[in-house]
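Close look at the chain arrangement
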Amino acid sequence: MSKPKTKPYDKPDSLSATLLAISRFGLMMLGIIGIAVELFRDDGWLKQAFSKLLSSPAGMIAIPVIILLMYLANRWFTAPRRGELTRRGDIPLYIMMGIGGFFLYRLLTTGSF
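To start, this report covers the structure provided alongside it. (Residues numbered from 1 in each chain as written. Predicted model: local features only at pLDDT ≥ 70, side-chain atom pairs only at ≥ 80, totals over all residues. Heavy atoms only, no water.)

As for the pattern of salt bridges
Applying the stated rule across the entire model yields two salt bridges. Here E38 ties to R41 by a salt bridge, and the two come within 3.0 Å at their closest N and O atoms. Owing to a relative accessible area of 44%, R41 belongs among the partly exposed residues under this scheme. The salt bridge involving R106 is made with E38; its shortest N-O contact spans 2.6 Å. With R106 in helix α4 (residues 91-110) and E38 in helix α1 (residues 15-40), this residue pair connects regions lying 68 residues apart in the sequence. Exposure remark for E38: the relative accessible area of 4% places this residue in the buried category. A single network of salt bridges, built from pairs that share partners, joins E38, R41 and R106. (Salt bridge = Lys/Arg side-chain N within 4 Å of Asp/Glu carboxyl O. Buried < 20%, exposed > 50% of the residue type's maximum accessible area, 1.4 Å probe, protein only. Helix = DSSP H or I, 4+ residues; strand = E, 2+ residues; numbered from the N terminus.)

Focus: the layout of surface pockets
Here the largest pocket defines a volume of roughly 170 Å³. Lining the largest pocket are M70, P92, I95 and M96. A total of three residues in the lining of the largest pocket trace back to one element, the largest contributor, which is α4. Counted by class, the lining of the largest pocket contains four nonpolar, no polar and no charged residues. (1 Å grid on protein atoms, 1.4 Å probe; cavity = no way out; pocket = protein on both sides within 12 Å on 5 of 7 lines; lining within 4 Å. Points joined across faces, edges and corners; volume = space filled by probe spheres on them. Nonpolar A, V, L, I, M, F, W, Y, C, P; charged D, E, K, R; others polar.)

Points about a nonpolar patch on the surface
Together, F40, L46, F50, L54 and M60 give the surface a local cluster of nonpolar side chains, amounting to about 540 Å² of exposed area. Residue contributions to the nonpolar patch peak at three residues, all from helix α2 (residues 45-54). Here L46 shows up in helix α2. The exposure class of L46 is partly exposed, given its relative accessible area of 33%. (Patch = residues over 30% accessible without salt bridge, like charges linked within 9 Å, V, L, I, M, F, W, Y side chains within 5 Å. Areas by Shrake-Rupley, 256 points an atom, 1.4 Å probe, with all protein chains shown as cover.)

Written out as structure tokens, the structure reads:
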């Protein structure tokens, strides 16, 4: 009997790759938590956005446009072309990591989000 062949992705990651993945995950989670805190606190971003959108007719017109833009962005990030590998799906991860870095800086300098 021959020894089964291992695939390249069956190899364990190195320590540095594991630590890098943990730091990416930590920054992403910090970004999600920071955004959630800012959205749902008293007089937070969600309350301000709704009051601005619903206060004028232009804001009411902007609601369908915002929904359309979110739909198109989702389609652009998730739909690869036939036979093509794309890294566009990583863009939201890196954006959230940047936001997490901002909230980490704010947490270290001020002591709160």
